[in-house]
Structures are given as structure tokens and as C-alpha cells.
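One letter stands for each residue in the lines below.
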Amino acid sequence: MSGHFTSLLAAAAHEESGERVPVTVLTGFLGSGKTTLLNRLLKLPDLQGTAVIVNEFGTVGIDQDLIAQASDDTILLPNGCLCCALRGDLVEALTRLSEQDEIAGAPLRQVLIETSGLADPGPILRTLMGDPAVRPRFAVAGVACTVDAVLGMGTLDAHPESVQQVAVADALLLTKLDLLDGPPAPALLERLQSLNANATLHLDRERLPVALRDLMQRQDALSAAAAQADARAETPFYRPVNPAIPTDQAPRHRDGIASFVLVRDEPLPREAFFAWMDLIVASRGEDLLRVKGLVHLAEQPEQPLVIHGVQHLFHPPMSLPAWPGTDRRTRIVFITRGLDAEALGQTLDVLVRRHMRSRRSAP
Ligand SMILES: Nc1nc2c(ncn2[C@@H]2O[C@H](COP(=O)(O)OP(=O)(O)OP(=O)(O)O)[C@@H](O)[C@H]2O)c(=O)[nH]1
């Protein structure tokens, strides 16, 4: 066996198996209300042990001054956006945090990264999942994205970064609803749904900070990914995540981004599954905006494998000690650009059948 996915598994065996600190990424286009939300979040109770890393685009760090409760535990990364110029600094900041291991006297419990409004969060997620200094200590808890209820549609039209931000989010937090006379425009809600039907949409302004805190405090990022797959997949085979839309019309936006869940009833042979993952990561890694799910491997029927990846990079696959519920099917959520869901599933089936045949014909 070879390939990125397979080698990750080998690496995982050597990495610390200790608890990893959940990291939540707060993204959203310029001016969409990230800092405002962060300020409101920091007023909530039950955030001891939270480190906040703020990044902004520009030469002078202003956001830190705007964050009312900024302290030594807030690490500002000025001079450019986290996803490109400052990628090294993110690693440095996280390494420092992990060495420090406590925040104002409380053990380090969680990290929130507020990205620059211009950042594509993909590279940040890849750093979190792929950097050897970061990966053993931190795990992605989730991605929250603020969307301006007034300007959101125009922003999505004009700025591909904003499309990426929405596409990879677990939670979409609609801001500035108070500036509207009525409810948010159905066209905006449909666009968000078509870009990312997986994400939870939060429309209650009062509850946005709590929604963000809930995302940050999901106990285990990986089982949260699994739970999401769990909630979305109800039918055998695969289906688009929006059940109202027939399978052959999986939500596919003009941006080419689609999300769907691949479901398999039968346990998958490890070798065939890994070969399939290696194949799609190698051939279409660029287009895998996010992949997360639970896999029922034939060789370990009681311990589901959790997979969680962004483009070419995956968290080292981890096995849960037991199934989180009664549903033991393989369920994988894909958020992709231009990937054919059916072809993806068929490729897996071909590899499984080939594996079965070779097992039968083995002496
Ligand atoms: N009325 C209203 N104004 C808001 C809301 N959220 C943010 N704002 C305002 O929108 C402007 C931008 O908000 P910020 O929180 O700075 O946005 P940001 O996403 O952090 O912006 P960048 O750091 O530039 O990416 C500020 O003037 C806020 O006061 C909201 O829910 N309602």
C-alpha cells in the first residue's frame, strides 16, 4: 500500500495518541462581522482555557484593539493573511500555545482562529491537519463562517474566496439581520444551501455567539465529523445531502461546488478502501474541499474509522472505540468542486469487487 492516505495511517501509529486540542476556524468575508461576533463570544461564560488567534490583512494589527478582552493570550498575526504569508506563523503560534499549555491559569482547552476576511480557509485547515508540528497536538473542531445578510449575495458573486469560505463551513452564521426590514432574502439562503447543504444555518442574531461556542466545544472534532455524516445519511448508496433534490441533481452550484454523502451498507475491505482514498486524493485532491465521515472496515467491525480531510491532506485516520449509534454503515460527506458523485462511488465498488476477486483466487 502507498499514497498519502495510507502513509498517514502509518504516521498516525507513531504520533502521540494523547488528547488533541480542538481548533475552530472563524472565517467570513471582509466586514461580515467576525470580530463583532468574537467580541460577543468572549463575553459568554465557560470559555476558560480558550486561546484566540487573530489574523488580519494589513500592516497594522487593528483587530486586536477591537477585541475588547484582548490579553496576552490573544496572538495577533499581522502583516498578511494567515493562509499564505503567515502560514509559518500559525504553526509558530500553535506551537507556542502547546508549549505553554495553559491560558491564564486554566489548561488549554480550545483554540479559535479568526482568519483574515480575504483568506481561503483551505490552507489553514491543511496546516492544522498536515503540519507535523501541529497535527499531534491539535484537531480541527469545525469551521464557522459569518455571512453578511445584506451584502452576502454580492460578495459571493464577486469574490471566490467568499465562496470557498462558505463551502467548507460547518456552521454559517448570518450577520446584520437587524439591518433588514424582513427575513433574509430567499435567494441568499438558497445560494448558501446550494453551496453547502451540510452546514448548519444560524439565523438568530442573539444566539450566534452561543452557536459558535457550541461548535468550539464539541468534545471530539473527529466524532463530530462522524456525527454530521450520521445525521445526513439515511438511504443506501449515496445521495445529495438535500433530500428534496433527486440524486442525479445533487446540489451543484454555478461555482461547481457540490456536496453529497456516500453511503455503503456493506463493510469495506481496508485495502480496497485505502486504495480508493489514495486514488481520489492523488487524482482529484485539489477538488476535495472537505471530506469527513465514518467508515465501516471489514477488518475492524466494532471500531469505525473516522476520516477528515481537506484537499490533499487528511487527519491521520482514527478509530473510535465504538460506534456512536446503531447505524453502522459507512457514511462519508464530500464537499467537492466538480467531482462526479456517481463515478466516485462506482470507483469504490470496482476496487472492492477487484479486491474480493483477488481474495477468492488467492491460493
Ligand atoms: N448592524 C449590525 N452591524 C454589524 C453586525 N455585525 C457586524 N456589524 C458591523 O459591521 C462592521 C464590520 O464588522 P466586523 O466585526 O469588523 O467585521 P469583520 O468580519 O471582523 O471584518 P474584517 O476584519 O475586515 O474581515 C462593523 O462596523 C460592525 O459594527 C450586525 O450583526 N449588525
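These numbers come from a predicted model, not from an experiment.

**Topic: the overall build of the chain**
Phase 1 of the analysis: When its secondary structure is counted, the chain shows twelve helices and 16 strands.
Phase 2 of the analysis: Buried positions account for 56% of the 363 residues belonging to the chain.
Phase 3 of the analysis: Of the roughly 15100 Å² of accessible surface on the chain, 53% is carried by carbon and sulfur atoms.

**So, a nonpolar patch on the surface**
Phase 1 of the analysis: On the surface, a nonpolar cluster with roughly 300 Å² of combined accessible area is contributed by Val 150, Leu 151 and Leu 179.
Phase 2 of the analysis: Among the secondary structure elements, Leu 179 is positioned in the loop between β8 (171-175) and α8 (186-195).

**Observations concerning the packing of helix α2 (residues 34-41) against helix α9 (residues 208-216)**
Phase 1 of the analysis: For the pair α2 and α9, the least separation of the axes is 9 Å and the interaxial angle reads 80 degrees. The angle between the axes of α2 and α9 places the two elements in the roughly perpendicular class. Every residue of α9 that contacts α2 at Leu 37, Arg 40 and Leu 41 is listed here: Leu 208, Pro 209, Leu 212, Arg 213 and Met 216.
Phase 2 of the analysis: Tallied by class, the residues present in the contact of α2 with α9 amount to six nonpolar, no polar and two charged.

**Brief notes about the nonpolar core**
Phase 1 of the analysis: Judged by nonpolar contacts, the single largest core of 44 residues is most densely connected at Leu 94, Val 111 and Leu 128.
Phase 2 of the analysis: The residue makeup of this core includes at least three contributed by each of domain 1 (17-219) and domain 2 (222-361).
Phase 3 of the analysis: Apart from residues no more than four positions distant in its own chain, Val 111 is found in contact with Val 21, Pro 22, Val 23, Thr 24, Ala 51, Ile 53, Leu 94, Leu 97 and Phe 138.
Phase 4 of the analysis: Core analysis: the second largest hydrophobic core is formed by 25 residues, Phe 260, Val 281, Leu 351 and Val 352 among them.

**Remarks on the domain arrangement of the chain**
Phase 1 of the analysis: Domains assigned within the chain are domain 1 (17-219) and domain 2 (222-361).
Phase 2 of the analysis: On the side of domain 2, 27 residues touch domain 1, which itself brings 28 residues to the contact.
Phase 3 of the analysis: Note on domain 1 versus domain 2: buried area summed over both sides is about 2300 Å², and carbon and sulfur give 52% of it.
Phase 4 of the analysis: Sorting the residues of domain 1 by area buried against domain 2 places Arg 126, Met 129 and Asn 198 first, and these three jointly supply 29% of that buried surface.
Phase 5 of the analysis: Viewed at the interface, domain 2 and domain 1 are joined by one salt bridge.

**A word on the site of the ligand**
Phase 1 of the analysis: The local shell around the ligand holds 15 residues, among which Gly 31, Lys 34, Thr 35, Thr 36 and Asp 178 are the closest.
Phase 2 of the analysis: Between the ligand and the protein, one listed contact pairs an oxygen atom with a backbone N or O atom of Gly 31 at 2.9 Å.
Phase 3 of the analysis: Contact distances for the ligand include 3.0 Å between an oxygen atom and a backbone N or O atom of Gly 33.
Phase 4 of the analysis: Counting residues per element, the shell around the ligand draws most heavily on α2, at three residues.

**Section: the pattern of salt bridges**
Phase 1 of the analysis: The full count for this structure, using the stated rule, is nine salt bridges.
Phase 2 of the analysis: Through salt bridges that share partners, Asp 327, Arg 329 and Arg 331 make up one connected network.

**Focus: unusual backbone geometry**
Phase 1 of the analysis: Even without glycine at this site, Lys 176 takes up a positive phi of about 65 degrees.
Phase 2 of the analysis: Secondary-structure assignment places Lys 176 in the loop between β8 and α8.

**Some remarks on the packing of helix α7 (residues 160-167) against α8**
Phase 1 of the analysis: Following both chains from N to C, one finds α7 and α8 inclined at 70 degrees, their axes separated by 9 Å at the closest point. Taken together, the axis directions place α7 and α8 in an arrangement best described as roughly perpendicular. Seen from above, α7 lies across α8 with right-handed handedness. Contacts between α7 and α8 involve Val 163, Val 166 and Ala 167 from the first element and Arg 191, Leu 192 and Leu 195 from the second.
Phase 2 of the analysis: Its residues placed into classes, the contact of α7 with α8 shows five nonpolar, no polar and one charged.

**Side note on the environment of Trp 276**
Phase 1 of the analysis: Structurally, Trp 276 is set in helix α11 (residues 270-284).
Phase 2 of the analysis: In this structure the C-alpha to C-alpha distance between Trp 276 and Leu 47, which are 229 residues apart in sequence, comes to 41 Å.
Phase 3 of the analysis: Not counting residues within four places of it along the chain, the set of residues in contact with Trp 276 comprises Leu 262, Ile 332, Phe 334, Leu 344, Thr 347, Leu 348 and Leu 351.

**Thoughts on α7**
Phase 1 of the analysis: Across the eight residues of α7, six count as buried, placing the element largely inside the fold.
Phase 2 of the analysis: Of the positions making up α7, those classed as buried are Ser 162, Val 163, Gln 164, Gln 165, Val 166 and Ala 167.

**Structural notes on a positive patch on the surface**
Phase 1 of the analysis: Together, Arg 353, Arg 354, Arg 357 and Arg 360 make up a region of like positive charge exposed at the surface.
Phase 2 of the analysis: By the element assignment, Arg 360 lies in helix α12 (residues 341-361).

**Here we look at α8**
Phase 1 of the analysis: Along α8, the residues classified as buried are Leu 188, Arg 191, Leu 192, Ser 194 and Leu 195. End-on, the buried residues of α8 take up no more than an arc of 165 degrees, which puts them together on one face. Exposed side of α8, more than 90 degrees from the buried face: Pro 186 and Glu 190 are the residues found there.
Phase 2 of the analysis: Residues of α8 that are buried in the fold lie against β7 (138-148), α6 (152-158), α7, β8, β9 (200-202) and β11 (257-264).

Conventions we followed
Think of each chain on its own: its residues are numbered from 1, step by step along the sequence as written. Under the rules for a predicted model, residues below a pLDDT of 70 receive no local features and side-chain atom pairs below 80 are neither given nor counted, while totals for whole chains, interfaces and linings still include all residues. Computation of side-chain values covers all heavy atoms of the structure but excludes hydrogens and water. Secondary structure counts use DSSP, requiring at least four H or I residues in a row for a helix and at least two E residues in a row for a strand, with both numbered from the N terminus. Think of it in three bands: with a 1.4 Å probe and only protein chains considered, a residue is buried below 20% of the maximum accessible area for its type, exposed above 50%, and partly exposed in between. Here the Shrake-Rupley method, with its probe set to 1.4 Å, supplies the accessible areas, and only the displayed protein chains count as covering residues. Residues qualify for a patch when their relative accessible area is over 30% and they have no salt bridge, like charges being joined within 9 Å and the nonpolar side chains of Val, Leu, Ile, Met, Phe, Trp and Tyr within 5 Å. A pairing counts as a salt bridge when a side-chain nitrogen of Lys or Arg comes within 4 Å of a carboxyl oxygen of Asp or Glu. To get an axis, a line is fitted to the C-alpha atoms, and for a helix only the part in contact is used. The angle between two axes follows their N-to-C directions and goes from 0 to 180 degrees. Comment on the angle field: the value is read as roughly parallel under 35 degrees, roughly antiparallel over 145, roughly perpendicular from 65 to 115, and oblique elsewhere. In this analysis, two residues are considered to be in contact whenever any of their non-hydrogen atoms come within 4.5 Å of each other. Amino acids are sorted into nonpolar (Ala, Val, Leu, Ile, Met, Phe, Trp, Tyr, Cys and Pro), charged (Asp, Glu, Lys and Arg) and polar (every other residue, Gly among them). Here, nonpolar core refers to any group of buried Ala, Val, Leu, Ile, Met, Phe, Trp, Tyr and Cys residues whose side-chain atoms link them within 4.5 Å. Domain start and end points were adopted from an automatic or database domain assignment. When two parts are brought into contact, each loses some accessible area as probed by a 1.4 Å sphere; the total of that loss over both is the buried area. Residues are classed as near a molecule or strand on a simple rule: at least one heavy atom within 4 Å of it. We define a polar contact as two N or O atoms separated by no more than 3.5 Å, with the added condition that, inside protein, one atom must be a possible hydrogen donor and the other a possible acceptor, whereas residues neighbouring each other in sequence contribute only through side-chain atom pairs. Handedness of a crossing follows from how the near helix is turned relative to the far one, being left-handed for an anticlockwise turn of less than a right angle and right-handed for a clockwise one. A positive count includes Lys and Arg, and a negative count includes Asp and Glu. His and the chain ends are not counted in either. A charge is said to be at NZ when it belongs to Lys, at CZ for Arg, at CG for Asp and at CD for Glu. Taking the helix axis as origin, the arc is that swept by the directions to the C-beta atoms.

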